[in-house]
Amino acid sequence: MKKFFLLLMALMLAMTALTAFAEDEALIPSPDADAIDGALIEGFVMDVLDESILLLTRDGLYVEALLTEETFFDGKDVAIGDYIQIDYSGMMSRSIPAQITAVVVRDHMLQCVVSEMTEEGFTLTFGEDIYAVTADADLLEGIQDGMFVTVYHNGMMTRMIPAGVTALHIRGQEIIGTVTEMVEGGFTLTVEGEEIPYHVAIKEDAIQFVQAEPGMEIIVITDGMQTASLESILVNATEVLPLPTVEEIFDMAGIVTEIGEGFIMIENADGQMVQVNLTEETLSEGKEIEVGDFIHITYNGQTTFSIPAQIAAQKIGCYAHTGVVGEITEGQFSLETELELILVNATAEQLEGIEAGMTVTVYSNGAMTMSLPAQIGAEMITATETITD
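First, a word on scope: everything that follows refers to the structure included in this document. (Residues numbered from 1 in each chain as written. Predicted model: local features only at pLDDT ≥ 70, side-chain atom pairs only at ≥ 80, totals over all residues. Heavy atoms only, no water.)

Notes on the overall build of the chain
So, point 1. Across its full length, the chain carries 3 helices and 30 strands.
So, point 2. For the chain, contacts bridging at least 24 residues in sequence account for 59% of all contacts bridging at least 6.
So, point 3. Just so you have it, the chain exposes about 21,600 Å², and 54% of that area is on carbon and sulfur atoms. (Helix = DSSP H or I, 4+ residues; strand = E, 2+ residues; numbered from the N terminus. Contact = heavy atoms within 4.5 Å. Areas by Shrake-Rupley, 256 points an atom, 1.4 Å probe, with all protein chains shown as cover.)

Quick notes on the sheet that holds strand β18 (residues 233-242)
So, point 1. An order of β14-β15-β16-β18-β17 is seen for the 5 strands of this closed barrel, with the pairing classed as mixed. Strand-to-strand twist across the sheet, computed as the mean angle between neighbouring axes with direction ignored, equals 55°.
So, point 2. Pairing of strand β17 (residues 217-228) with β18, which is carried by 8 bridges, proceeds in the antiparallel orientation. Note on β18: the bridge partner recorded for Q226 is V235. (Pairing = 2+ DSSP bridges. Axes fitted to C-alpha atoms, helices over the stretch in contact; angles between N-to-C directions.)

A word on the layout of surface pockets
So, point 1. Considered as a void within the structure, the second largest pocket measures approximately 890 Å³ in volume.
So, point 2. The wall of the second largest pocket is formed by 30 residues, among which F126, E280, T282, L283 and S284 lie closest to the centre.
So, point 3. Listing elements by their share of the lining of the second largest pocket, those giving two or more residues are β8 (98-117), β10 (129-134), β19 (250-260), β20 (263-268) and β22 (283-286).
So, point 4. In terms of residues, the lining of the second largest pocket owes the most to one element, β8, which gives 6 residues. (1 Å grid on protein atoms, 1.4 Å probe; cavity = no way out; pocket = protein on both sides within 12 Å on 5 of 7 lines; lining within 4 Å. Points joined across faces, edges and corners; volume = space filled by probe spheres on them.)

Overview of the pattern of salt bridges
So, point 1. As enumerated under the stated definition, the model contains 8 salt bridges in all.
So, point 2. For K76, the salt bridge goes to D82, with nearest N and O atoms at 2.8 Å. Accessibility classification places K76 together with D82 in one group, the buried group.
So, point 3. Among the salt bridges present, the one from K76 reaches D107, with a minimum N-O distance of 3.9 Å. Here K76, found in the loop between β5 (72-75) and β6 (83-88), pairs with D107, found in strand β8; they are 31 residues apart in sequence, far enough to count as distant. A single burial state applies to K76 and to D107, both of which are buried.
So, point 4. Connected via shared salt-bridge partners are K76, D82 and D107. (Salt bridge = Lys/Arg side-chain N within 4 Å of Asp/Glu carboxyl O. Buried < 20%, exposed > 50% of the residue type's maximum accessible area, 1.4 Å probe, protein only.)

Examining the packing of aromatic side chains
So, point 1. Enumeration according to the criterion identifies 2 aromatic pairs in this entry.
So, point 2. Centroid distance F44 to Y83: 4.9 Å. Interplanar angle 80°. Geometry classified as edge-to-face. Note that F44 is positioned in strand β2 (residues 39-48) and Y83 in strand β6, a separation of 39 residues in sequence.
So, point 3. Look at F44 and you get buried, because its relative accessible area is 2%.
So, point 4. On the basis of an interplanar angle of 65° and a centroid distance of 5.9 Å, the ring pair of F44 and F209 is categorised as edge-to-face. Here F44, found in strand β2, pairs with F209, found in the loop between β16 (198-208) and β17; they are 165 residues apart in sequence, far enough to count as distant. (Phe/Tyr/Trp six-rings, centres within 6.5 Å; stacked < 30°, edge-to-face > 60°.)

Spatial relationships are all this shows, so hold off on functional conclusions.
Structural data, given as C-alpha cells:
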C-alpha cells in the first residue's frame, strides 16, 4: 500500500509538470468497455460526497464516479467501506483521480451466519432462509462455519433453492473498539467488556478507510488469525473502517406482539405499543422475526403522535441464541448451542427459574466478545416453562 501511494505521488508530480495535458482531460475508452451499454467498474467506497463517490478498485486505481439526476441507485444507501459496482458510459478522464459518470450504482449485501462451507463457497442461514454463496478462493480465506459475515454482491440471485449469489467481497471477523495507542506497524485497540487489549498489526496490503488515531472508535476486519498473550491479543488487520456516525441514529427495543404486511408491532421497555414500519431499504440482522421475539430497531428518532406511535425502521436485529443451559454461577451461565459454547451474563431476576439442562433462547443486543468462550449479555431469556425480562 505504501508503494502504491509513493507511485501515486510521483504521478501527481508528473501531471503537474504537464499542466496543458492535465487540463485537457480528454476522454478515453475504458478497458472494460464490453459491459452492457457501456462499462462496469467495482471497488471499495472511500468517500461519499454530495455529487460523487470516490472508489478504490482492487487494482489500486482511484476513480471518482460523478452522480447526476439520472443516476439510478440499486440496493442500499452507499456508505464508506461498501464494495459496489458502477455502470458507466465507458468513458474515463485522464485526471487524478480518474472520473466517470455513474449510470447505475449497485450496493447489495447479506449479513448472515455461515452454516456450511462448500466446494465453491459456503451457505448462509438467516432464520429459515438459506443462501448459497459462490466466491473466489482468495475471498474465502479465514471464513469458517459459525462466523457472522458480510457478503457484497451485485443484487442478482438465482431462483434455485437455496437462492444463490456470487460474492464480490466478503468481510469476516471484525472487532469494534477504541484506539488507545499508536505503535510500530499498527495500534492497540480496547474493546468494551474485554480486559485484554488487542494489538492490531496492519497488513501490507490492508485497506485503511480511515487513519486510526488515539481515541477514535473504529471497526477492524481481521484475517481470522490471532495470538493471545498475557498483555494483548495480536491480530492482523486487512481493513480499517470508521464506526458509522451515531449522532442521528436512535435505538428502540421491545417484544414483538404482531407481524403484519409492511410493519411489526412491538411493546417497548416502557410498556408502550409501537408500530415499526418497514421499507425496501430496511436492513435485517439475526434470525427471522416471530411473535414473541425480542428485537432492536434502529431509526431516525422521529416518532408519530398517533396511537399507536409509529417509527420507520432503518435496521431491525433479532439476536437470539438457543441452546442447553450448562453450569450456572452468580450472574452467569453457560449455553451450549449447535455452533458453539457461549457464556451468558444475566441478572438475578433473569436467572429465576433457569436450571441446568433446560433449553432456552437468549436474546441480546448483538454484541459478542471474541474471548473463548464468547460472552453475551442477556436482554431477555425465554424457556418452555419460564419467560423473564
